[in-house]
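Chain and residue survey
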Amino acid sequence: MFGSTQVDVMLPVKAQLPRAYLVLESGRFAGRRYPLRESQILGREKCEIILRDERVSRQHAAIKFVEGQFILIDLGSANHTFVNDRMLVQPARLENGDHITLGNTNLRFEIDAEFDSAGRP
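Residues numbered from 1 in each chain as written. Predicted model: local features only at pLDDT ≥ 70, side-chain atom pairs only at ≥ 80, totals over all residues. Heavy atoms only, no water.

Let's talk about the environment of S26
- Along the polypeptide, S26 turns up in the loop between β1 (20-24) and β2 (33-35).
- Measuring from C-alpha to C-alpha, the distance between S26 and N106 comes to 5.6 Å, with 80 residues separating the pair along the chain.
- Beyond its immediate chain neighbours, meaning those up to four positions away, S26 contacts N104, T105 and N106.
- Only 3.0 Å separates the side chain of S26 from the backbone nitrogen of N106, close enough to count as a polar contact. (Helix = DSSP H or I, 4+ residues; strand = E, 2+ residues; numbered from the N terminus. Contact = heavy atoms within 4.5 Å. Polar contact = N/O pair within 3.5 Å; in protein donor to acceptor, adjacent residues only side chain to side chain.)

This is the structure we're talking about:
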């Protein structure tokens, strides 16, 4: 008979999704908080986060939680996406307090103080 062999398999640990928000800093609804999930699209229509701004593209940008970090991605928008007044030319990791501009809309990224910027407790 064959003997049995025990093999330890190390599976990657999925990072816990921290409580994070986009806070609207401009316009009529300033102060509104949008809770973030693992993936959402920001834009003018047919998105998870809808921004009423004619300078925002229909599907302007995306925020994804990847490998324990929130990543902001411009989706080829006409008026670009800015983080801390710098135009986004490649996906960028978001840090607590970062300012995001899409069209004429200003948002602030907030992450629960219990977590660091990489989503670790």
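Overview of the packing of aromatic side chains
- Inspection of every chain in the model, using the stated rule, returns 2 aromatic pairs.
- Relative to F70, the ring of F65 has its centre 4.8 Å away and its plane inclined at 50°; by these criteria the two rings are tilted. Taken individually, F65 and F70 each receive the classification buried, so the pair is uniform in this respect.
- Grouped by ring-pair contacts, the aromatic residues F65, F70 and F109 constitute a single cluster.
- Sitting over the face of the ring of F29, R32 holds its NZ or CZ atom 5.8 Å from the ring centroid.
- Note that R33 overlies the ring of Y21, its terminal NZ or CZ placed 3.9 Å from the centroid. (Phe/Tyr/Trp six-rings, centres within 6.5 Å; stacked < 30°, edge-to-face > 60°. Buried < 20%, exposed > 50% of the residue type's maximum accessible area, 1.4 Å probe, protein only. Lys NZ or Arg CZ within 6 Å of the ring centre and 35° of its normal.)

Some points on the sheet that holds strand β9 (residues 92-93)
- Ordered by their spatial adjacency, 5 strands build an open sheet running β4-β3-β5-β6-β9, and the pairing between neighbours is mixed. Strands at the two margins of the open sheet, each flanked by one partner only, are β4 (49-50) and β9.
- As judged from the 4 bridges shared by strand β3 (residues 39-43) and strand β5 (residues 61-66), these two strands associate in the antiparallel manner. Note on β5: the bridge partner recorded for I41 is A62. (Pairing = 2+ DSSP bridges.)

As for the confidence of the model for the protein
- Confidence in the prediction of the protein, expressed as mean pLDDT, is 87, and 80% of residues score 70 or more.
- In this model, residues 117-121 is a region of pLDDT below 50 whose contacts with residues beyond four sequence positions or in other chains number 15 contacts. (pLDDT = per-residue confidence, 0-100.)

Details of unusual backbone geometry
- The backbone of K46 shows a phi angle near 55°, a positive value even though the residue is not glycine.
- Its place among the elements puts K46 in the loop between β3 and β4.
- Residue classification places K46 among the exposed residues on the basis of a relative accessible area of 74%.
- One non-glycine residue, E67, adopts positive backbone phi at about 50°.
- Note that E67 resides in the loop between β5 and β6 (69-74).
- E67 sits in the exposed class, given a relative accessible area of 76%.

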